[in-house]
Each structure stands twice: as structure tokens, then as C-alpha cells.
Amino acid sequence: MMTIKMKKGSSIADKIFKYVAIGAATYVLVIIALIVINLATGSAQVWQKEGISFLTGSDWNSVDGRESYGAAPYIMGTLVTAGIAMAIAIPLSFGIAMFLSELAPKLLRTPLAMVIELLAAIPSVVYGLWGLLVFRIYIQNWIEIPLHNLFGDQSIIFAGTPFGLDILTASIVLAIMIIPTIASISKEIMLAVPNSQREAAYMLGATKWEVFRIAVLPYSKSGLIGAIILGLGRAVGETMAVTMLIGNATGAAAFPSSLFGPGQTLSSIMANEFAEASQGGLHLAALIGIGLILFLLAFAINVVAHLLVAKVIKSHEGAVLA
Amino acid sequence: MITVEQRAEFRKHFRYNVGRRLVLDKVVKCIVFLCVVVAVVPLVAILVNVFSNGAAALSWNFLTEIPGAVGSNDLGGIGPAIQGTLVLIGLSSLIGVPVGVMGGIFLSEYGNNKYGRTVRFFNDVLAEFPTIVIGVFTFILIVLTVGGFSVWAGSFALSIVMLPIVMRTTEESLKLVPVTYREAGYALGIRRWRVVFTIVLSGAKSGLVTGILLSVARIAGETAPLVFTILGSSQFIQGLDGPIDALPLRIWRLSSLPYDSSVTQGWGAAFVLIILVLSINIGVRYLFLRRKGQTLLKFKRLGSMS
């Protein structure tokens, strides 16, 4: 009888290999932990001085001796620009996704999907450059001036002389930037709906729109919400294009009241004022504190998005999403 | 999911109002088509504008020379920016690729437990982080400690941006290698680490290369982390502990100058950057993604810009 000699246990090389792999995976967790710790300690100074009024105040003064920092206008600016951008981007991206998954002829489907995915890869600074040099002029002449002339300064949201570098332009360019992201994820989610669902509805005599409404939409709902929230996460964290277009007001003036007024977001104030802040000063601590607020906001948004999208994967085995 | 009661209701609904429903269908189709047109026009306009304006700025001098003094007649070029972007890509890959690939190996080979799921989750979250936060973090961790802006700091920040992409794509492509390949290796008495390196990794080669290239395309266009870490410079690289220039940073600086010549140069730099990013993306899609089809969906999404 033949016997096979087997070595017992695993070799040292295997163990080393496993620990190196674990180490590399742990690196990600360490980085996230370090980000939290560093942002918290770096901004401790400003939290001590301002306390809760760093979140609620609107003063922003970096002159020595009169230093005072409140991030409320920038938090509002981030929420307003991201909100307007989402309001524009969601219907348009769902339209694109529906067109690509339900309506488009085969010949058009692949090239259009490819173009949209490539557009998601264009660096944001290029969107910003285009917005600053080209798009701004169209917005100013075709949208802002007519609206301003129509409603005038009496209306709050259309008040102020249209200049092109304002909350409206930044929001629209932001929408243009996140449309490819939301559209391509939603398309994949809609394509993951089994055809038997559609066929059942067709069999009952439903039109294309009704098929979409009663068969595709309910099935892909939570995945689509996940796609929206991922888009929101990008809109909130987007820096360069917004910095170039929003007009960069500071302090109370940055409170978003008029669409045609300059504003400021959490990320744009960091990019703008960072070069002026001296090391070890309160100004730098305030900017880092803003980074911490942005971090927490983006972290919460992303956690919710990934939980939702992960749910879709679990409930529909085989659909590769998220 | 349609229940029996719903079905009866639908059937009743569908039998009547045929004319109105067909009209509604047409209206919705028109709206959807309009959505596509409205969304695609600005997106295509960006490409057309960058290509037409950027091509005009291109010349050999523009690609190789250092920038001229601001506002002077001597325009100079964007040589240091191109060099800087390439150096940054190389150095951040040096950190990001090995760690990312090893992390991906962990997730696919050892990651089927609670710790693996935790890492996977936070990795996904890190992939979608605002990159400016990563920039601020690197600024505190390295620039403030060392006391100066440096190529290293920039590379470290960009390696954090690319790490989750490499890790996730590695995991996905290792999982596509059939278990039977691994079992065949074990049956021959090969150690686990050798099975992973010689059998699994070579089977997943094209997926790995795709992930790495897409992450390179992504970091090539990142601006926000660089503002805080490399500062920008108008000279060619002096040393790895000094400041350096990069294409996205140069575009930003040029766009804020009030001269026509700098605007033209901005378009030129954007043109070079877009060619770099899109050629990687298109090349990767053409070479690898077409064959694998649907399975590599995730790559496409992770490679896209924030």
C-alpha cells in the first residue's frame, strides 16, 4: 500500500504571506483612523475657542486679534449647491439610464453608454476650466439676465446683478459632473432587473412607460436610491470646479440667499484660503475643522449609500453592483 | 413584484383608456429623449471645446519648456507640470500598487469573515471620500511634521486615492479565477502563497492591470490633494523633498490669471491632461473590458472621477 507523507501544519512562508496580506488590508483602516485623529487634533484649537458657534456662527475674520470663525455659511453653501445639483441631475440621469436600459436601439446603446462612462473620468479641474471660460457666459446671458430682468431685485432668489460666477453656475456645472456617475450606476441597476419582470408586464398589455413604472422601478428602487446618494457624496466633496465657479464670498456674505450671489462651500474655502493660513495659527485650525465637518458629512453619506447598495446585491444574487 | 390582486387591477386598467395610455407613453418617451439630449450636449461641448482650444496651444516648446514669468511676452510651456504628473504617478504607484494588491489578495483569499467584510466596507467608503480631506490629512501628517511641501507628501496623498481602487479591482479579478485552479495547485502540494502568486495572480493578470491603469488615470487628474501637498512650482524637479508642479495644479493656476495667453495655455494643459486620462481609459476598455463583459462593471465605476 502506498502512503503519502504529509507535512503537518502550514509553513512559515504561508504564515508570513497571510500576515502581510492582513497588514495591507489593515492599512486602509489605519489610514481612516489616522484621518479622524489628525483632523480632530489639528482643529482642536478652534473648537476650544469657538465651541459650538464654530458650527452655527457666520463670522469669518482672520485678522490678528479679531479672529473669529464660524462655518455655518459654508455648510449651507455645500448643502444648497449639492441640493440644486441633485435636483437637476437626478431626473436627467434617470432619463439617460431609462433610455439606455429600456428604449435605446442596440446600435446606439453601447457607444452612448461608453461616452457617458468616459465623461465620468474627466478631471474636475477641466470641468471647472470649461465652466469658467465657456459655460459661465452662456449662463449669464441666456438664463441669469433674462430671469433678473423678469423678476428684478424684489424677488429674493433672483436678486443681485448676474455676474456668472455664483451659486447657480457652480450648481449647474456640479450637476453636469455628477450626471455621468448617477446615470451609469442607475443604468446597471435597471439592467439587472430580470427580463421576466418586464415580460410579465408586457403580457398584460402594458406600454413601455408602464412596464418601466410597474416592473422596473419597484424592483430597482433601493439600488437607485443608493446611486443618488453616491452622487450626493460626490457633489458634497467636489472641490476644484466649485472653487473656480462659486465666486468665493466669505463670512456672512457667503450665506446662500440669492442664486445670483457668490457663495462658498466647505471644500472651496479650504482650497482658497489654505495658502494664506500660517502654520500653527487659529486660521489653519479653522480650515482643518472645516475639513473635519466635510469628512463627517461625506462619511455619513457614503456609509448610507453603501449599506443601501449592498442590500441590493444581497437581495438580487448575481447582479454585480456597487 | 406583482401580486395576484395587483395583476387583476392592472388588467382592468389596461383594458380601458388605451388611447390615453398610448399618448402618455409617447409623451414620456419624448421627455426621456429630451433628457438625453439636454445632458449630452454640455458633456460633448466640454470635449469639443477642450479639443479645439487646446490643440491650438500645442507646440514642442509648450510641452517641454518651463513657464514664463507671469504676464510677460515669454509664454514658456508646461514642461515641469507634465514631468511632475509623471513623477507623482510613478511614486504613488510605488506605494499604492503593492499595498493595494496585497490588500486585494487578503480580501479575496482570506476575507470571507467579519474582518474581511469590515475592511471591504471601509475600503469602499474610502474610495468615495472627498479627496480634499485626504489632502488636508496629508498636510497635517507629513507637511507640518517635516516642515515643507514635498514630492513625497503628494505621492502619499495620491497613493491613498488610488489604494482603494486597486484593492477592490484586485479582489474582484482574483475572485473570477475558478476555485478549481487553486485546488489543482494545492493537490500538487504547492504552498498557499505560491498558489496565489503563480497561479491565481497570473490568471487574474488582465484584471489587475486594468485596475491599476484606471487608478492611474484617476490620480492623474486629482487636484485637491495636491494643493495641500506639493504647492506647485515653475521649475523642473529639484529633489523628492522639494515642491513640484503637476498638470491639474497648473490648469488651476493658469485659469485664475487674467491674461489671454494664460487662458490659451490653460486649454493646452487641459488638452494634454484629457488625452492622458482618456487614452488610458479607452485603451483599458478596449483591451480588457470588452472580453470580460459584465463581470468587470465595478472597474468602470471605480475608475471614474470624483
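Along each chain, numbering runs from 1 in the same order as the chain's sequence is written. Starting at A for chains and at 1 for ligands, labels are handed out in the order in which the entities are written. In keeping with the model being predicted, local features are shown solely for residues with a pLDDT of at least 70 and side-chain atom pairs are shown and tallied solely at 80 or more, while totals for entire chains, interfaces and linings include all residues.

Asks: Tell me about the interface of chain A and chain B, and please be specific about residues and values.
Replies: Taken together, the contact pairs 81 residues of chain A with 82 residues of chain B. Amino acid classes used here: Ala, Val, Leu, Ile, Met, Phe, Trp, Tyr, Cys and Pro are nonpolar; Asp, Glu, Lys and Arg are charged; the rest, including Gly, are polar. Across the side of chain A that touches chain B, the residue classes break down as 57 nonpolar, 17 polar and seven charged. C-beta atoms are first placed from the backbone for all residues, and any pair lying within 7 Å is then listed as a contact.

Asks: Explain the confidence of the model for chain A to me, using residue names and the numbers behind them.
Replies: Summary of the metric used: pLDDT quantifies the predictor's per-residue confidence within the range 0 to 100. Looking at chain A, pLDDT values average 85 and 93% of them are 70 or higher. Scored below 50 in pLDDT, residues 316-322 of chain A shows 20 contacts in the model against residues more than four places distant or in partner chains.

Asks: For the domain arrangement of chain B, give the residues involved together with the corresponding values.
Replies: Per the annotation, domain bounds derive from an automatic or database assignment of domains. Domain assignment breaks chain B into domain 1 (4-42) and domain 2 (60-302). For domain 1 of chain B versus domain 2 of chain B, the distance between C-alpha centres works out to 44 Å.

Asks: Describe the environment of Asn272(A), naming the residues involved and giving the relevant values.
Replies: Residues and elements named next belong to chain A. Numbering goes from the N terminus for both helices and strands, where a helix is a DSSP run of H or I of at least four residues and a strand is a run of E of at least two. On the secondary structure map, Asn272 appears in helix 12 (residues 266-273). Remark: the alpha-carbon pair of Asn272 and Ala72, spanning 200 residues in sequence, is separated by 17 Å. Beyond its immediate chain neighbours, meaning those up to four positions away, Asn272 contacts Thr243 and Asn248.

Asks: Before we move on, could you go through the packing of helix 4 (residues 79-110) of chain B against helix 10 (residues 205-220) of chain B and cite the residues and values that matter?
Replies: All names here are of chain B. Direction vectors running N to C along helix 4 and helix 10 enclose 140°, while the axes themselves pass 10 Å from each other. Relative to helix 10, the element helix 4 lies oblique. With respect to the hand of their crossing, helix 4 and helix 10 are arranged in right-handed fashion. Where helix 4 abuts helix 10, its residues Thr85, Ile89, Ser92, Ser93, Gly96, Val97 and Val101 lie against Leu208, Ile212, Ser215, Val216, Ile219 and Ala220. Axis lines are fitted through C-alpha atoms, for helices just across the contact stretch, and the angle between N-to-C directions can take any value from 0 to 180 degrees. If an angle is under 35 degrees, it is roughly parallel; if it is over 145, roughly antiparallel; if it lies from 65 to 115, roughly perpendicular; otherwise it is oblique. The sense of a crossing depends on the near helix, which, turned anticlockwise from the far helix by less than a right angle, makes the crossing left-handed and, turned clockwise, makes it right-handed.

Asks: Before we move on, could you go through unusual backbone geometry and cite the residues and values that matter?
Replies: Residue and element names in this part refer to chain A. The phi dihedral of Asn248 falls on the positive side, at around 55°, and the residue is not glycine. Summarising the element assignment, Asn248 is placed in the loop between helix 11 (240-245) and helix 12. For every residue, the other C-beta atoms within 10 Å of its own C-beta are counted; 20 or more classify it as buried, 12 or fewer as exposed, and values in between as partly exposed. C-beta atoms are placed from the backbone. Given 19 C-beta atoms within a 10 Å radius, Asn248 is considered partly exposed.

Asks: Residue-level account of helix 7 (residues 151-175) of chain B, with values.
Replies: Here the expected span of a helix is defined as 1.5 Å times the quantity of residues minus one. Taking 1.5 Å of rise per residue, 25 residues should cover 36 Å, and helix 7 of chain B covers 35 Å from first to last C-alpha, within 8% of that figure. At Met162(B), helix 7 of chain B shows its maximal kink, close to 35°; a proline, Pro164(B), follows between one and four residues later. Fitting one axis to the seven residues ending at a residue and another to the seven starting there, the bend at that residue is the angle between the two axes.

Asks: Describe the nonpolar core, naming the residues involved and giving the relevant values.
Replies: In terms of nonpolar packing, the biggest core is built from 191 residues, with Ile96(A), Val126(A), Val173(A), Leu174(A), Val136(B), Ala270(B) and Leu273(B) touching the most fellow members. Contacts of Leu273(B), omitting those with residues within four sequence positions, involve Pro123(A), Val126(A), Ala220(B), Gly221(B), Leu247(B), Pro248(B) and Ile251(B). Each nonpolar core reported here comprises buried Ala, Val, Leu, Ile, Met, Phe, Trp, Tyr and Cys residues connected via C-beta atoms within 7 Å.

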